[in-house]
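In case you want the letters, here they are:
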Amino acid sequence: MKLPLLLAALLGVAGTAIAQAPPAANHDLGFKDTPMLPGLPWHVHDPDRPHPPVVTPAATPGGAPSDALVLFDGRDLSHWTSHASTISKAGSDGPAEWKLGEGYVEVVPKTGDLATKEKFGDIQLHIEWSSPNPPVSTSQGRGNSGVLLMGRYEVQVLDPYNNPTYADGQAGAIYGQWPPLANPGRGPGEWNVYDIIFEAPRMDGDKLLKPAIITVFFNGVLVQNHKESMGPMVYRQVAKYVPQPAEDSLVLQNHNNPVRYRNIWVRRLGGYDEPAKK
Ligand code: MG
């Protein structure tokens, strides 16, 4: 085997992707004598339709692809600030106060939430978390935190292992609204993974044009399938939509339990060959 081939074989999928280049524009592949696609400015198999950008996947599963914004790689909190806790009102706006460990960040009780400096609307989010080990307390007092999309729409983080609680408050729930479809959670101290696809709501003032849509994979298992959110997270109430910005910070909830997070990255979503969604 020649050296380049051997190298490609050793690199596997990632190596193959690195070798790719975007197809040349105006090439002679495709057809112009085919019907137009409904509602689109393209023929079927149109040679002029833009090609998707080449993205280099991570070398290991769960890693950030080349077009992701890495929000936390285990080393610093430069993308994050502290916001007063949405639950206890503890803490204040200012520098992030959570504890950096070996490759992870840990909730410090009685401080604020952790919020990104960047604001996001539609995103793909990868985030890993683990519950305190040994576990302390029960139900909503055990390993409680949360991923608050746009600082409002909570995908619940809670110790999922032998920890009975109400169904719409367990790990993977859209808190207070939709229980997860399954509980694939790992035990205290073990790492869990959320891969979330979030579509921000569209509003015109206080009029809801389109609700927030949330899809969640929990340790690779689909637990929320394109669910419509009823509105921003509330406790013991029915959620409802109120006027909000088009984009806002991603927030990690401080529920006074020392939950850990690591490997957090996002990709902004939007069609490369279609207008931004309104
Ligand atoms: Mg929570």
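Throughout this description, residue numbers start from 1 for each chain and increase along the sequence as written. With the structure being a predicted model, the display of local features is reserved for residues of pLDDT at least 70 and the display and counting of side-chain atom pairs for 80 or more, all residues being used for whole-chain, interface and lining totals. Note that the side-chain values use all heavy atoms of the structure and ignore hydrogens as well as water.

Participant: Before we move on, could you go through the overall build of the protein chain and cite the residues and values that matter?
Facilitator: Secondary structure assignment for the protein chain yields 1 helix and 16 strands. Under the scheme applied here, a residue whose accessible area is under 20% of the maximum for its type counts as buried, over 50% as exposed, and between as partly exposed, the area being computed with a 1.4 Å probe on protein chains only. In the protein chain, which comprises 278 residues, the proportion classed as buried is 41%. Throughout, a contact is declared for two residues whenever any of their heavy atoms are within 4.5 Å. A fraction of 64% describes how many contacts in the protein chain between residues 6 or more apart in sequence connect residues 24 or more apart. Runs of E in the DSSP output that reach at least two residues are strands. Runs of H or I that reach at least four are helices, and both are numbered from the N terminus.

Participant: Describe the coordination of the magnesium ion, listing the residues and the values that go with them.
Facilitator: Note that water is not among the atoms considered, so a metal site may appear incomplete; the donors listed are N, O and S atoms within 2.8 Å of the metal, with 3.2 Å applied to Na, K and Ca. Only N144 (OD1), S145 (O), E154 (OE), Q156 (OE1) and Q253 (OE1) from the protein coordinate the magnesium ion, and they sit 2.2 to 2.3 Å from it. Here the donor residues for the magnesium ion map to a single chain with the spacing N-S-x8-E-x1-Q-x96-Q. Here S145, found in strand β8 (residues 145-149), pairs with Q156, found in strand β9 (residues 153-157); they are 11 residues apart in sequence, far enough to count as distant. Among the residues examined, Q156 registers a relative accessible area of 1% and is labelled buried.

Participant: Explain the sheet that holds strand β15 (residues 248-252) to me, and be specific about the residues and the numbers.
Facilitator: Pairs of strands are assigned from DSSP output, requiring at least two bridges between the strands. Strand order in the open sheet formed by 6 strands is β3-β2-β6-β15-β8-β9, with antiparallel pairing between adjacent strands. Edge positions in the sheet fall to β3 (94-95) and β9, since each has one partner strand and no second. Both strand β6 (residues 113-120) and β15 contribute to a ladder of 4 bridges, which runs antiparallel. When the sheet's bridge partners are listed, K119 is paired in β15 with S249.

Participant: Can you lay out the pattern of salt bridges for me, pointing to particular residues and giving the numbers?
Facilitator: Any carboxyl oxygen of Asp or Glu within 4 Å of a side-chain nitrogen of Lys or Arg constitutes a salt bridge here. Taken as a whole and judged by the stated rule, the model has 13 salt bridges. Across the salt bridge formed by E106 and R260, the nearest N and O atoms sit 2.7 Å from each other. One end of the pair, E106, is in strand β5 (residues 105-106); the other, R260, is in strand β16 (residues 260-268), with 154 residues separating them in the sequence. Judged by its relative accessible area of 31%, R260 falls in the partly exposed class. Among the salt bridges present, the one from R268 reaches E247, with a minimum N-O distance of 3.7 Å.

Participant: Give me the lowdown on the packing of aromatic side chains, citing residues and values where you can.
Facilitator: Stacked, edge-to-face and tilted are the three classes for Phe, Tyr and Trp ring pairs, Trp counted by its six-membered ring, which pair at centre distances within 6.5 Å; planes under 30 degrees apart are stacked, over 60 edge-to-face, the rest tilted. Per the counting criterion, the structure on display carries 7 aromatic pairs. Here Y153 and Y241 contribute two aromatic rings whose centre-to-centre distance is 6.2 Å and whose plane-to-plane angle is 35°, an arrangement assigned as tilted. Taken as a pair, Y153 in strand β9 and Y241 in the loop between β14 (221-228) and β15 lie far apart in primary sequence, 88 residues in all. Here the two residues Y153 and Y241 agree in accessibility, since each one is buried. Summarising the aromatic geometry, the rings of Y194 and F218 are spaced 5.1 Å apart at their centres and angled 85° between planes, so their arrangement reads as edge-to-face. Within this pair, whereas Y194 is found in strand β10 (residues 192-199), its partner F218 is found in strand β13 (residues 213-218), the two being separated by 24 residues in sequence.

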